[in-house]
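Residue-level structure breakdown
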Amino acid sequence: MTTSRPARQFRDISGLLDHASHVLATRMAAAFTGLGITPRAYSVLFHAMEAERTQIQLAELADLDKTTMVVTVDELERAGLAERRPSATDRRARIVSVTEAGERAVERGTEIADRVHREVLESLPDAERAAFVTALSRLVEGPLAEPVEGERTIRRARRSRS
């Protein structure tokens, strides 16, 4: 008995988004190599420059778990790019402050990130670029804004599409 698989009504957007995310992450990591920091570290520094923020707030903005955030800030401190300081508004809280060297890294990192994003978007026809970014933003700000809790924890596995 031969069983045929059911026909899909839509392309596998989970697979497409997962693959696109993985490949973009590898491109970003390669591009940041010359700067001496990771895209993750850049993201933390970038958000720390916007306002006085605690590690917990920065972890949320950079989409990092607490352990990864601590390791990242430790690395940034060792590199002289950031330091933990007492908060001006809450004596119990510690904020992540960006040093002058960190500010220079954010400036260069922004150039790198913009270049990588521009290169990716340039592969689309001019008329589709803004529509793609707008549509993806709507999804991320709407139905894909928050993870759904389930019985099983979903890990963010990074796999190659070989």
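Procedures and definitions
Residues numbered from 1 in each chain as written. Predicted model: local features only at pLDDT ≥ 70, side-chain atom pairs only at ≥ 80, totals over all residues. Heavy atoms only, no water. Helix = DSSP H or I, 4+ residues; strand = E, 2+ residues; numbered from the N terminus. Contact = heavy atoms within 4.5 Å. Axes fitted to C-alpha atoms, helices over the stretch in contact; angles between N-to-C directions. Parallel < 35°, antiparallel > 145°, perpendicular 65-115°, else oblique. Left-handed = near helix turned anticlockwise from the far one by under 90°. pLDDT = per-residue confidence, 0-100. Core = buried A, V, L, I, M, F, W, Y, C linked by side-chain atoms within 4.5 Å. Buried < 20%, exposed > 50% of the residue type's maximum accessible area, 1.4 Å probe, protein only. Expected span 1.5 Å × (residues − 1). Patch = residues over 30% accessible without salt bridge, like charges linked within 9 Å, V, L, I, M, F, W, Y side chains within 5 Å. Areas by Shrake-Rupley, 256 points an atom, 1.4 Å probe, with all protein chains shown as cover. Salt bridge = Lys/Arg side-chain N within 4 Å of Asp/Glu carboxyl O.

Relative to the helices and strands, Phe46 resides in helix α2 (residues 39–50). For Phe46 and Thr153, which are 107 residues apart along the polypeptide, the C-alpha to C-alpha distance reads 29 Å. Apart from the residues within four sequence positions on either side, Phe46 is in contact with Val106 and Thr110.

As a packed pair, helix α1 (residues 13–32) and helix α5 (residues 100–121) sit with axes 10 Å apart at the nearest point and diverge in direction by 140°. Considered as vectors, α1 and α5 are oriented oblique to each other. Note that α1 runs across α5; the crossing there is right-handed. Residues Leu24, Arg27, Met28, Ala31 and Phe32 of α1 form the contact with α5, whose own contacting residues are Gly109, Ile112, Ala113, Arg115, Val116, His117 and Val120.

Low-pLDDT stretches of the model should not have their predicted coordinates read in fine detail. When pLDDT is averaged along the protein chain, the result is 91, and 94% of the positions lie at 70 or above. Within the protein chain, helix α3 (residues 55–62) has the poorest average pLDDT of any element, 92, and α5 the best, 98. pLDDT under 50 marks residues 157–162. Its contacts with residues more than four places away, or in other chains, come to 10 contacts.

Moving on: the nonpolar core. Counting 25 residues, the largest nonpolar core has Phe32, Ile37, Val44, Leu45, Met69 and Leu76 as its most contacted members. Contributions of two or more residues to this core are made by α1, α2, α3, α4 (66–78), β2 (94–98) and α5. Not counting residues within four places of it along the chain, the set of residues in contact with Val44 comprises Leu58, Ala62, Leu64, Met69, Thr72 and Leu76.

For α2, with 12 residues, the first-to-last C-alpha span of 17 Å sits near the 16 Å given by 1.5 Å per residue. Listed as buried for α2 are Ala41, Tyr42, Ser43, Val44, Leu45, His47 and Ala48. Where α2 is buried, its residues contact α1, α3, α4, β1 (82–86), β2 and α5.

This paragraph deals with a nonpolar patch on the surface. Residues Ile13, Leu16, Leu17, Phe132, Val133, Leu136, Leu139, Val140 and Leu144 make up a contiguous nonpolar surface patch of roughly 730 Å² in combined accessible area. Among the elements of the structure, α1 and α6 (126–141) are those that each provide at least two residues to the nonpolar patch. It is α6 that contributes the most residues to the nonpolar patch, five residues altogether. Accessibility expressed as a relative area gives 31% for Leu16, which makes it partly exposed.

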